[in-house]
Amino acid sequence: MSKTTQTPSSSLPESWVRGTEFLGTQHAILGGAMSWLSEHRLVSAISEAGGFGVIASGNMPPELFRKEIQSTREMTDKPFGVNLISINPALSELVDVLLEEKVTHCVLAGGLPDPKTISQLKDAGVNVILFAPSLALAKRLVKRGADALIIEGSEAGGHVGPVSTSVLIQEILHHINDVPVFAAGGIANGRMVSGLVQMGAAGCQLGTRFVCAEECIAHENFKKAFIRAQSRDAVVTSQFDPTFPVIPVRALANKGTLQFNELQLKLIHQVKNEGMDRKEAFLELEKFWVGSLKKAAIDGDVDYGSVMAGQSVGMVKSIQSVKEIIQELVADI
Ligand SMILES: Cc1cc2nc3c(=O)[nH]c(=O)nc-3n(C[C@H](O)[C@H](O)[C@H](O)COP(=O)(O)O)c2cc1C
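Residues numbered from 1 in each chain as written. Predicted model: local features only at pLDDT ≥ 70, side-chain atom pairs only at ≥ 80, totals over all residues.

In this section: the overall build of the chain. Counting secondary structure elements, the chain contains 13 helices and 12 strands. Once the C-alpha set of the chain is aligned to its principal axes, its extents read approximately 65 × 45 × 40 Å. Relative to its full complement of 333 residues, the chain shows a buried share of 48%. The long-range share in the chain, meaning contacts at least 24 apart out of those at least 6 apart in sequence, stands at 61%. (Helix = DSSP H or I, 4+ residues; strand = E, 2+ residues; numbered from the N terminus. Buried ≥ 20, exposed ≤ 12 C-beta atoms within 10 Å, placed from the backbone. Contact = placed C-beta atoms within 7 Å.)

Once that is clear, we can look at the nonpolar core. Core analysis: the biggest nonpolar cluster contains 97 residues, and Cys106, Leu149, Phe182 and Cys204 have the highest contact counts within it. With 5 residues, helix H13 (residues 322–330) is the single largest residue contributor to this core. Two domains each put at least three residues into this core: domain 1 (14–217 + 317–330) and domain 2 (220–313). Leaving out residues up to four positions away in the same chain, leucine 149 has contacts with Leu130, Ala132, Ala138, Leu141, Ile176, Val179 and Val181. (Core = buried A, V, L, I, M, F, W, Y, C linked by C-beta atoms within 7 Å. Domains from an automatic or database assignment.)

With parallel pairing, the 8 strands of this closed barrel are ordered in space as S1-S2-S3-S4-S5-S6-S8-S9. Shown here is a sheet whose adjacent strand axes are inclined to one another by a mean of 25 degrees, direction ignored. As judged from the 4 bridges shared by strand S2 (residues 52–56) and strand S3 (residues 80–85), these two strands associate in the parallel manner. Bridge pairing links isoleucine 55 to valine 82 in S3. (Pairing = 2+ DSSP bridges. Axes fitted to C-alpha atoms, helices over the stretch in contact; angles between N-to-C directions.)

Helix H1 (residues 14–23) sits mainly inside the fold: 7 of its 10 residues count as buried. Three or more residues of H1 are buried, namely Ser15, Trp16, Arg18, Gly19, Thr20, Phe22 and Leu23. Structurally, H1 contributes buried residues whose contacts are with S2, strand S6 (148–152), strand S8 (181–184), helix H8 (190–198) and strand S9 (203–206). Of the residues one or two after H1, glycine 24 is the one with positive phi, at around 80 degrees.

Moving on: the domain arrangement of the chain. Split by domain assignment, the chain resolves into domain 1 (14–217 + 317–330) and domain 2 (220–313). Between domain 1 and domain 2, the C-alpha centre-to-centre distance is 22 Å. On the domain 2 side, the residues contacting the 23 residues of domain 1 number 20 residues. Of all the secondary-structure elements, those providing two or more residues to the side of domain 1 that touches domain 2 are strand S7 (158–159) and helix H9 (208–211). The biggest single contributor to the side of domain 1 that touches domain 2 is H9, with 3 residues. Looking at the side of domain 1 that touches domain 2 residue by residue, the class counts come to 9 nonpolar, 11 polar and 3 charged. (Nonpolar A, V, L, I, M, F, W, Y, C, P; charged D, E, K, R; others polar.)

Taken together, 26 residues sit near the ligand, with Gly32, Gly157, Gly158, Gly207 and Gly310 positioned nearest. Secondary structure elements with two or more residues in the shell around the ligand: S9 and H9. Here the residues of the shell around the ligand sort into 10 nonpolar, 13 polar and 3 charged. In terms of domain composition, the shell around the ligand takes at least three residues from each of domain 1 (14–217 + 317–330) and domain 2 (220–313). (Near = placed C-beta within 6 Å.)

Relative to the elements of secondary structure, lysine 323 occurs in helix H13. The exposure class of lysine 323 is partly exposed, given the 17 C-beta atoms found within 10 Å. Distance in space between the C-alpha atoms of lysine 323 and tyrosine 304 is 32 Å, their sequence separation being 19 residues.

With 5 of 5 residues buried, S2 is to be regarded as a mostly interior element. Across the two faces of S2 the burial is the same, with Phe52, Val54 and Ala56 and Gly53 and Ile55 all buried. Across 2 bridges, strand S1 (residues 29–31) lies against S2 in parallel orientation. Bridge pairing in S2 places leucine 30 opposite phenylalanine 52. Handedness of the crossover is the feature at issue here: the chain leaves S1, passes through helix H2 (residues 40–48), returns alongside S2, and the resulting connection is right-handed. Following the backbone out of S2, through helix H3 (residues 62–75) and into the adjacent parallel S3, one traces a crossover that is right-handed. (Right-handed = clockwise from strand over helix to strand, strands pointing away.)

With that settled, the discussion passes to the environment of valine 160. Tracing the backbone through its elements, the reader meets valine 160 in the loop between S7 and helix H7 (165–171). With 88 residues separating them in the primary sequence, valine 160 and proline 248 have C-alpha atoms 5.8 Å apart. Among all residues touching valine 160, those that are not within four sequence positions of it are Ser154, Val236, Pro248 and Arg250.

Dropping the structure here:
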């Protein structure tokens, strides 16, 4: 049976139903975790509206992470998940909190997750969702125990891979049947969601579209910058040295982008000439992003902070409630 065959009991595409069953939701729409923004208010609003909210742990201390999980539960009894960053030095403490709080789904982002963390989560019955950047890795991640995959194209906001959503769809989606595969990156409206589901996606993950939700705590300057921006304004950062492969970040170009470039050049110099540890240099870059995203998203400095946004920012035109956004996204299913 093809992934998109309609089941007799429902007029919904089979792949979508598979996504909703995996997430335990009415709609197979994930609110992609966004550091600083995907906290209890936005996450619970997405889940209450029938989607699947995901808490961004970012660099939260473990006790704040626990509080966010508990506050989300106070606002909704619907399913939600958490997002952990694999390279976070506090990963194992965050995993402990997640297990103690009995969270059902975990999205592991930020590089290849180590098999030990995957096993620890799976042994406790947590559904593990992983990002697949290529077909070979997608197959390896399924073998390692991924319960679902996300394929995220370079159109997305935040840290991105080099390949577009349309190519990942053809390269990966059509060749993985063992687990549900969700599509992300550059998705902004119901026709796109419907088209991707018709092609076999189990659902879609969106970040950029949810930034201007009423329930999102982003500073009003950050939301205004989104509403003003065109798709072409959301650009990826450059890598200056092939021996220092920084993960590109897509954000609205501003003075903060220039500061990132300066920091990158300084760290390359320190690693090459002053014996700085490479891992330490990469962690410093990550700290830069976490700090500068806060500067823009929470403090409202959209000139010097990082205004992480995907190319779909050009289609974000107003402040809307999460409920309205989700209704638009599922209108064509
Ligand atoms: C402001 C912002 C912050 C983000 N932070 C994270 C993060 O902390 N962890 C993560 O896995 N993805 C992060 N993302 C990516 C989103 O979870 C989501 O996958 C992406 O936004 C989907 O593509 P779209 O922006 O085209 O909708 C972020 C995206 C944005 C726009």
